[in-house]
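# Structural characterization, general
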Amino acid sequence: MTKSKEIIKESYASALKNAKTETSKESCCSKPKDEKSSGESTPKLSLKPVQFTPSFGCIIDLPKKAGLKEGDIVVDLGSGPGHDLIRAAEIIGSKGKAIGIDMTPEMIQNANNEIEHKGLSNAEARLGEIENIPVEDNFADVVISNCVINLTANKSVVFKEAFRILKPGGRLVDADVIAEHELPQSLQDDNKSWCSCIGGALTEEGYSKAMNAAGFVDIKIDIDHSRHTEWDGEKIRMFSGIISAVKPV
Ligand SMILES: C[S@@+](CC[C@H](N)C(=O)[O-])C[C@H]1O[C@@H](n2cnc3c(N)ncnc32)[C@H](O)[C@@H]1O
């Protein structure tokens, strides 16, 4: 595992801990607090029901927006605390299966606790990296991901892995951060901007090229221009959007 992955894991373990103790309402798309303010004085992580854990995604209710259907097999890349995973499991019902993948053990523990709390037998969170997804080939009808792929250094590998695990005709629906222009190197090199879903964001063209190279077709990018973020005086606007694509039959 590279150093930057360790930093991302620590950042999200700490964000979850803060969220569980209700000391922070920040989403992934805002600057993480520095280590000092994320604090030794915060109470120990208590695994409470899901309503106490905010989502860290950039799109609300991605499973519904992804058009999941009853009986679908769904894999959620970077499932975090488990919101989308649980919502997907509820939509697809007992004939379907929802598997979440995340590299942060605290996120996996939280998601599996919430699945157990809800009594869902069709959902599971697995520890793993989305560059090497612990799922067999041609498995899923739909792969979803909410504000995660921007955090990865090698997006081509992630898209190839998503392609591998999809059934022919299956769909990838990625809610992500999209940069208006290519980011300056200083921003790409900044750990805080990466952990805040900024530094690793691609442009519309960048996502499209990487998905196309992985074999996807029918790539559509739906950007929400009504909300945007800028980074520390850098004049680069960042939007959220849904990027969808199909694995050809
Ligand atoms: C911004 S949060 C989004 C979580 C979730 N999708 C949501 O909507 O709440 C990013 C999550 O992706 C996970 N993550 C980042 N890079 C990853 C990678 N390469 N492999 C697996 N998980 C990763 C982090 O551990 C974190 O839980």
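What counts, and where the lines are drawn
- Numbers given for residues are sequential positions, taken from 1 along each chain in its written order.
- Where totals are concerned, whole chains, interfaces and linings use all residues; where local detail is concerned, this predicted model gives features only for residues with pLDDT of at least 70, and gives and counts side-chain atom pairs only at 80 or more.
- Nonpolar cores are identified as sets of buried Ala, Val, Leu, Ile, Met, Phe, Trp, Tyr and Cys residues joined via C-beta atoms within 7 Å.
- Exposed residues have 12 or fewer other C-beta atoms within 10 Å of their own C-beta, buried residues have 20 or more, and partly exposed residues fall in between, where C-beta atoms are placed from the backbone.
- Any pair of residues counts as being in contact when their C-beta atoms, constructed from backbone geometry, are within 7 Å of one another.
- Comment: elements are numbered from the N terminus, with helices defined as DSSP H or I runs of at least four residues and strands as E runs of at least two.
- Strand pairing is defined by DSSP finding a minimum of two bridges between the two strands.
- Orient the strands so they point away from the viewer; a crossover is then right-handed if the path from the first strand over the helix to the second runs clockwise.
- An axis is simply a line fitted to the C-alpha atoms; with a helix, the fit covers only the stretch in contact. Between two such axes, the angle follows the N-to-C directions and lies from 0 to 180 degrees.
- What sets the label is the angle itself: under 35 degrees gives roughly parallel, over 145 gives roughly antiparallel, 65 to 115 gives roughly perpendicular, and the rest give oblique.
- For any pair of crossing helices, the crossing counts as left-handed if the nearer helix is rotated counterclockwise from the farther one by less than a right angle, and right-handed if it is rotated clockwise.
- Each residue gets one of three labels, nonpolar for Ala, Val, Leu, Ile, Met, Phe, Trp, Tyr, Cys and Pro, charged for Asp, Glu, Lys and Arg, and polar for the others, Gly among them.
- In predicted models, pLDDT denotes the confidence assigned by the predictor to each residue on a 0 to 100 scale.

### A short note on the nonpolar core
Ranked by size, the top nonpolar core spans 70 residues in total, and within it Val74, Val75, Val143, Ala162 and Ala201 carry the most contacts. Beyond its immediate stretch of four places on either side in the chain, Ala201 contacts Asn150, Val177, Ile178, Ala179, Leu183 and Met238.

### Concerning the environment of Lys64
Assignment of secondary structure puts Lys64 in helix H3 (residues 62-65). For Lys64 and Asp84, which are 20 residues apart along the polypeptide, the C-alpha to C-alpha distance reads 9.3 Å.

### Some thoughts on the pairing of strand S5 (residues 166-179)
Taking burial as the measure, the 14 residues of S5 include eleven buried ones, the bulk of the element. Pairing of strand S4 (residues 140-146) with S5 involves six bridges; the strand directions are parallel. From the neighbouring strand, Ser145 faces S5, where its bridge partner is Asp174. Considered for its hand, the β-α-β crossover made up of S4, helix H6 (residues 155-165) and S5 is right-handed. As paired elements, S5 and strand S6 (residues 202-203) share two bridges and run parallel to each other. If you follow Ala179 over to S6, its bridge partner there is Thr203.

### Focus: the packing of H6 against helix H9 (residues 204-214)
Between H6 and H9, the least distance of the axes is 8 Å, while the angle of their chain directions is 45°. With respect to each other, H6 and H9 are oriented oblique. Crossing of H6 over H9 shows right-handed handedness. Every residue of H9 that contacts H6 at Lys155, Ser156, Phe159, Lys160 and Phe163 is listed here: Ala210, Met211, Ala213 and Ala214. Along the lines of polarity and charge, the residues of the contact of H6 with H9 split into six nonpolar, one polar and two charged.

### Describing unusual backbone geometry
At Asn138, a position not held by glycine, the phi torsion is positive, near 50°. Within the element layout of this structure, Asn138 appears in the loop between strand S3 (123-127) and S4. Positive phi is not limited to glycine here, since Asp218 has a value of about 50°. Relative to the helices and strands, Asp218 resides in strand S7 (residues 217-231). What makes Asp218 exposed here is the crowd of 10 C-beta atoms within 10 Å.

### Some remarks on the confidence of the model for the protein
Of all residues in the protein, 86% have pLDDT values of 70 or greater, and the mean over the chain is 87. Contacts for the low-pLDDT stretch residues 24-50, under 50 throughout, to residues beyond four places or in other chains number 43 contacts.

### Some points on the environment of Ile198
Relative to the helices and strands, Ile198 is located in the loop between helix H8 (191-195) and S6. What makes Ile198 buried here is the crowd of 27 C-beta atoms within 10 Å. Remark: the alpha-carbon pair of Ile198 and Glu230, spanning 32 residues in sequence, is separated by 9.1 Å. Residues in contact with Ile198, not counting those within four places in the same chain, are Val177, Leu187, Ser193, Trp231 and Met238.

### Observations concerning the pairing of strand S2 (residues 97-102)
Each regular strand displays side chains that alternate between the two surfaces of the sheet. S2 sits mainly inside the fold: six of its six residues count as buried. As defined by bridge partners, strand S1 (residues 73-77) adjoins S2 across five bridges and the pair is classed as parallel. Bridge pairing in S2 places Ile73 opposite Lys97. Each parallel crossover has a hand, and the one from S1 via helix H4 (residues 83-92) to S2 is right-handed.

### Quick notes on H4
With respect to burial, H4 is a largely interior element, eight of its ten residues being buried. Buried within H4 we find His83, Asp84, Leu85, Ile86, Arg87, Ala88, Ala89 and Ile92. As for H4, its buried residues are in contact with H3, S1, S2, helix H5 (105-118), S3 and S4. Two residues or fewer past H4, Gly93 is found with a positive phi of approximately 70°.

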